[in-house]
Amino acid sequence: MAHRCPKCGKEMARHGNFWICGEHTEPVFIPIEHPFSDLCAVLPTPIAFVLDEFFRESNPFVALWRMVDAAEIITRFFTITVLSDILRQKGEFPQPVKIALTEKLERPTFGAWKDLLVVAIDNLPKEKGQTRCFAFELPSFVRDKWLPALGSGEDKPEEKLIALRNFIAHAGRLPDEKAQELLSAHRQRFESLVKELSFLANYDLIACTKEGQIFWLKGLPSADGTFPNYEHPLSFVPELERVYLVHGDEWLDLFPLHTFTDILQWREELYDFERLEEVAPQIYFRLSERGYLECISFSTKAVFSHLGKDAYQRFREIFRLEEWRAQRKLEAEAQGIQKLWDELVNELTEVFVGREEHVRQVKEAIKRTSKGFLWISGKPGVGKSALMAKLMKDYIGQTQHYIVIPYFFRFGQAGLSVMDFLATALKRLQVELKRTIEPAPNLPDRQQQLVEALEEAVSKTGKKVLFLVDGLDEIYRQEREFLNVPFMTVRESVLWVCAGRSEGDLEEALKSRGAEWIFPEGLPPLDEQAVRAMLVEHLGRLKYALFERDEGQRNRFVEAVTRKSEGLPLYVRMVIEDLKAGQLTVWEEEKLPEGLVAYYERLLERMRVSDVGTVLTPLFCLLAWAKEPVTEGTMKFLLQTHHLARSPRWSELFRRALEHGHLMLQQRPTPDGEVGWTIYHDSFRQHLLESKTVSDNREWAQERWLEVCRDWKALASQEPSLHRYILRHYADHLHERWQMTDAQPQIPDAQ
């Protein structure tokens, strides 16, 4: 029921947490109260903000989401506090914390935040048997009350919060009756738990603005989004745009996982951030591939914000994830444990939805098939790699029954060769055989080594050897002889499960050799419920706008995404990025491109409207022709003939193109162990090689590669990484050009 203005008696409009009447010179604001308003008024703003949203929500389905989202934000706040405190007390993170951060911090889910909190609490310093923490009440509250309430994904959704969150994320729009039933099961327990958060009122959350003003982040912001000044004396000088937890004379710096600054949103058409006219508290959401931090902003104007260079640099200084990951990989390999695919698999399975039945079908096929070759085909972007990554995750720990040998072939990345594959497989088998296998220098002998090692491994261990190979089409295009490997190793207890595109000659070859299709029509596309789950999982607080489109069990935006994407997860991923960047809203399904190819074309069209886009288009085309990831120095050298390279802004344009280009770029290691750049998905690379939109840039890029091939000797001193690349791939570029023309290849002087 609407509230009436005490001055004029007219109905007031609801805006956020206030009733507003604009009929007067100075608008009248009246706060909307609820039974927990007094508690929210004394809690840190991020916690007060999400709890207030929950307590005000009347729709049972949305209230369920408000409740689990509040629980997640509280968990994030606790985790950020404890991690910051470990750093304050110890100066560095203990090894168990480093391992957990490496695995979970880049793209954390609710469950990942909970796991990080557990490890962080366990690694706080101890003094006389007591855990020493900045917020001394926090460890016992987390262990005794909070973690038991969260539970795990294996619990019943009627009983634990994480299980509830997982259930509603994948169940689609619940009927109001079911939502109310679940809400009733949780509400009393959750409200009792929230009351026990009152100890947080003993600590002041403060923020220092970029102008040096100190705000008190206590309770909710006012109707215009502002906060009161913090009037208490401080024993330290706060740094600008940082957030601190203060208790007496002590203070805890929460930057960069918690900050207070301008709301920045990425604008694709500008290739830059746009500042909204508001500053707000922000909590870390995930690490962006574009080189900034994605954050949740506690504001009525925007649900997402981004932290740029300073915060990103500080994040990399504190959380040295690449360094820790490399160290852990070396330690694991010294013990014979391969960590080759961990990062890729974590990325591919970050949100794995709608495939439960398909995973079950593959596992049943693996269980009933004692030997041979199982084939998973599908359209580009349908999610074959994610399915294979999920299988790897599920089987890699079943060491009692399986010897798992995973491999992911990627065009333009290291390892795309039969010899590399065989070396990796032999390295895995030598762990089981407890002896060193030195890979032979030639292909026939190395293949024979694999055959013999498999025979020995099966007979000695009694285990089933399971090869999980993704990207079979990509290695087949490069080295067709790879297909000999699976079929020369056919024997009892050796099973190959391979995935790739549905390509005619490859599938004809597989049929002739007796391969079995797990999905006769190819891996099915995502259905509407799975598309919705993917949107909800990635959109964070934007999902509440999506819920506004619900008409009972129907959602026209989800229907449109499912139809136009043809169920391809890659298309859905691009929709999510556009929604988060403000390129699209959930009310504009008519703007969605018709299919993946049309989406790629739209991306290429966008790049025409700015200088950064003008640089990015040829950069994309150079990478489309590249045979492996290439370094930043290599790309800059290749682009030095670009007309904008003579501009005084060239370095800035190149950097912005590289760091903020688009989600279709990714970083991967080069064969020399350097950081390289490559195209995110092979379907986009193929599109670049065929699209008329970039035909001039594509031809220029191919000719540019051939130019540097001809000048390969001079590159040794000018750009060493490019020189090494040319030594490896001169023949590939030359042969590629020769296939497209009648020109005869010119082999370089090898001296």
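What you are looking at is a predicted structure, and each value in this text was computed from that prediction instead of being measured.

So what's going on with the overall build of the protein? Residues and values would help.
Within the protein, the regular secondary structure consists of 30 helices and 22 strands. Since a compact globule built from 751 residues should have a radius of gyration of about 27 Å, the 28 Å found for the protein is in line with a globular shape. The dimensions of the protein, computed from C-alpha atoms along their principal axes, are 90 × 65 × 55 Å. Classification of the 751 residues of the protein by burial places 58% in the buried group. Relative to all contacts within the protein whose residues are 6 or more apart in sequence, the contacts with residues 24 or more apart total 67%. Per element, the accessible surface of the protein, about 32,200 Å² overall, is 49% carbon and sulfur. Of the charged side chains in the protein, 97 are positive and 114 negative, and the gap between their average positions amounts to 2 Å.

Tell me what's going on with the pattern of salt bridges, and back it up with residues and numbers.
Considering all chains together, one arrives at 57 salt bridges under this definition. D505 is the partner of R480 in a salt bridge, and the nearest nitrogen-oxygen pair spans 2.4 Å. A residue pair is termed long-range when its members are at least 10 positions apart, and R480 in the loop between α16 (472-478) and α17 (484-488) and D505 in helix α18 (residues 504-512) qualify at 25 residues. Judged by its relative accessible area of 37%, D505 falls in the partly exposed class.

An account of helix α13 (residues 384-395) is requested, with residue identities and associated values reported.
For α13, with 12 residues, the first-to-last C-alpha span of 17 Å sits near the 16 Å given by 1.5 Å per residue. Across the 12 residues of α13, nine count as buried, placing the element largely inside the fold. Among all positions of α13, only K384, S385, A386, L387, M388, A389, L391, M392 and Y395 are buried. Among the structural elements, α11 (342-348), α12 (356-368), β14 (372-378), β15 (402-408), β16 (464-470) and β17 (494-501) are those in contact with the buried residues of α13.

I'd like a description of the sheet that holds β16, backed by residues and values.
In space, the five strands of this open sheet follow the order β15-β16-β17-β14-β18, with parallel pairing throughout. Every interior strand has two partners, whereas the edge strands, β15 and β18 (516-517), have only one. Bridging between β15 and β16 involves seven bridges; their strand directions are parallel. When the bridges of β16 are listed, F408 appears paired with D470. Set on the sheet, α13 makes contact with β14, β15, β16 and β17; between it and β16 the angle comes to about 155°.

Before we move on, can you summarise a negative patch on the surface with the specific residues and values?
A grouping of E154, D155, E158 and E159 is seen on the molecular surface, where their side chains present a negatively charged patch. With respect to the helices, strands and loops of the structure, E159 is situated in the loop between α6 (138-150) and α7 (161-170). Looking at E159, the relative accessible area reads 42%, which means it is partly exposed.

How would you sum up the nonpolar core? Please name residues and give values.
If you look at the biggest cluster of nonpolar residues, it comprises 238 residues, and the most contacted ones within it are L51, F78, F467, L535 and W705. If one sorts the elements of this core by residue count, helix α3 (residues 60-90) sits on top with 17 residues. Each residue touching F467, except ones within four places of it in the same chain, is listed here: I405, F421, A425, L450, L454, V494, L495, W496 and V497. Counting residues in hydrophobic clusters, the runner-up holds seven residues, among them C208, I214, Y230 and F236.

Describe the packing of α3 against helix α8 (residues 176-195), listing the residues and the values that go with them.
Their axes nearest at 8 Å, the elements α3 and α8 cross at an angle of 35°. Relative to α8, the crossing made by α3 is left-handed. Mapping the contact onto sequence places P60, F61, A63, L64, M67, A70 and A71 in α3 and D176, A179, Q180, L182, L183, H186 and F190 in α8.

Describe in detail the sheet that holds strand β8 (residues 243-247), supporting the description with residues and values.
Read from one edge to the other, the open sheet built from four strands follows the order β7-β6-β8-β9, with strand pairing classed as antiparallel. Edge positions in the sheet fall to β7 (214-216) and β9 (250-253), since each has one partner strand and no second. Going from strand to strand, the sheet's axes swing by 30° on average, the running direction of each strand aside. Relative to β7, strand β6 (residues 204-208) runs antiparallel, the two being bridged by three bridges. Bridged to C208 within β7 is I214.

Provide a residue-level description of the packing of α3 against helix α5 (residues 110-122), including the pertinent values.
The angle between the axes and the distance between the axes are what describe a pair of packed helices. Packing of α3 against α5 leaves a shortest axis separation of 9 Å and a crossing angle of 35°. In this structure, α3 crosses over α5, and the sense of that crossing is left-handed. From α3, V68, A71, E72, T75, R76, F78, T79, I80, V82, L83 and I86 reach across to α5, where they touch F110, W113, K114, L116, L117, A120 and I121.

Calculation notes
- Residues numbered from 1 in each chain as written.
- Predicted model: local features only at pLDDT ≥ 70, side-chain atom pairs only at ≥ 80, totals over all residues.
- Heavy atoms only, no water.
- Helix = DSSP H or I, 4+ residues; strand = E, 2+ residues; numbered from the N terminus.
- Rg over C-alpha atoms; globule rule 2.2 N^0.38 Å.
- Buried < 20%, exposed > 50% of the residue type's maximum accessible area, 1.4 Å probe, protein only.
- Contact = heavy atoms within 4.5 Å.
- Areas by Shrake-Rupley, 256 points an atom, 1.4 Å probe, with all protein chains shown as cover.
- Lys, Arg positive; Asp, Glu negative; His and termini not counted.
- Charge placed at Lys NZ, Arg CZ, Asp CG, Glu CD.
- Salt bridge = Lys/Arg side-chain N within 4 Å of Asp/Glu carboxyl O.
- Expected span 1.5 Å × (residues − 1).
- Pairing = 2+ DSSP bridges.
- Axes fitted to C-alpha atoms, helices over the stretch in contact; angles between N-to-C directions.
- Patch = residues over 30% accessible without salt bridge, like charges linked within 9 Å, V, L, I, M, F, W, Y side chains within 5 Å.
- Core = buried A, V, L, I, M, F, W, Y, C linked by side-chain atoms within 4.5 Å.
- Left-handed = near helix turned anticlockwise from the far one by under 90°.

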